[in-house]
Amino acid sequence: MQLIHPTEIQSQIDRLAGQDLYVHLEVTTGAYTSHLDSTRHPASAFISNAVVRYTQGSISGTGPYRVGLKTTQGWIYAEGLTHVDELDNERLIMAGHDGQGKLMVALQLSREKF
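Residues numbered from 1 in each chain as written. Predicted model: local features only at pLDDT ≥ 70, side-chain atom pairs only at ≥ 80, totals over all residues. Heavy atoms only, no water.

When you look at the environment of E90 in this model, what are you seeing that I'm missing?
Here E90 lies in the loop between β7 (83-84) and β8 (92-97). The exposed category is assigned to E90, whose relative accessible area is 53%. Here the alpha-carbon distance between E90 and A17, two residues 73 residues apart in the chain, equals 14 Å. (Helix = DSSP H or I, 4+ residues; strand = E, 2+ residues; numbered from the N terminus. Buried < 20%, exposed > 50% of the residue type's maximum accessible area, 1.4 Å probe, protein only.)

Can you walk me through the pattern of salt bridges in this structure?
Opposite charge on two side chains makes pairing possible when the charged atoms of those side chains draw close. Counted under the stated rule, the structure contains 3 salt bridges. R53 is paired through a salt bridge with D20; the nearest N and O atoms lie 3.1 Å apart. Here the residue R53 occupies a position in the loop between β3 (44-52) and β4 (54-60), and D20 occupies one in the loop between α1 (6-16) and β2 (21-28), the gap between them amounting to 33 residues. Its relative accessible area of 41% is what places R53 among the partly exposed residues. In this structure, R111 engages E90 in a salt bridge whose closest nitrogen and oxygen atoms are separated by 3.8 Å. (Salt bridge = Lys/Arg side-chain N within 4 Å of Asp/Glu carboxyl O.)

Looking at this model, I keep getting lost on the sheet that holds β4. Mind explaining?
Sheet strands pair by backbone hydrogen bonding; their relative direction is either parallel or antiparallel. Read from one edge to the other, the open sheet built from 3 strands follows the order β4-β5-β6, with strand pairing classed as antiparallel. Across the chains shown, the open sheet's two edge strands, defined by having one partner strand only, are β4 and β6 (75-81). Recorded for the sheet is a direction-independent mean angle of 10 degrees between the axes of neighbouring strands. Pairing analysis gives 6 bridges linking β4 to strand β5 (residues 65-71), with the strands arranged antiparallel. (Pairing = 2+ DSSP bridges. Axes fitted to C-alpha atoms, helices over the stretch in contact; angles between N-to-C directions.)

What's the story with unusual backbone geometry in this structure? I'm lost.
The phi angle of most residues is negative, glycine excepted, and most peptide bonds adopt the trans form. In this chain, G63 is followed by P64 through a cis amide linkage whose omega measures -5 degrees. Topologically, P64 is positioned in the loop between β4 and β5. Backbone geometry at N49 places phi at a positive 60 degrees, although glycine is not the residue there. Along the chain, N49 falls in strand β3. For N49, a relative accessible area of 26% puts it in the partly exposed group.

In structure tokens form, the structure reads like this:
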């Protein structure tokens, strides 16, 4: 994974707008590692392979970044994104890692199921 370049991500967001896509959205504040540090309050959210269609989307911030996708029914929003899988041309795969490299957030969009 490489660091996010906002203009490249915005181009991919624009390219995928108006299509039925599968979304994977995951957020964790240590749910995977709370057994190593009992002082951390574990929390997480996870949705995978839900079909969405967004009418507009944008990336904002100066890093870590926020991505918002406006659907006909509401919004999908992910904050804390730092990296993108630059080798995957068919899907948009973004992740946010903390200073130790641990996953904090993931937002992925694809025409095919994950």
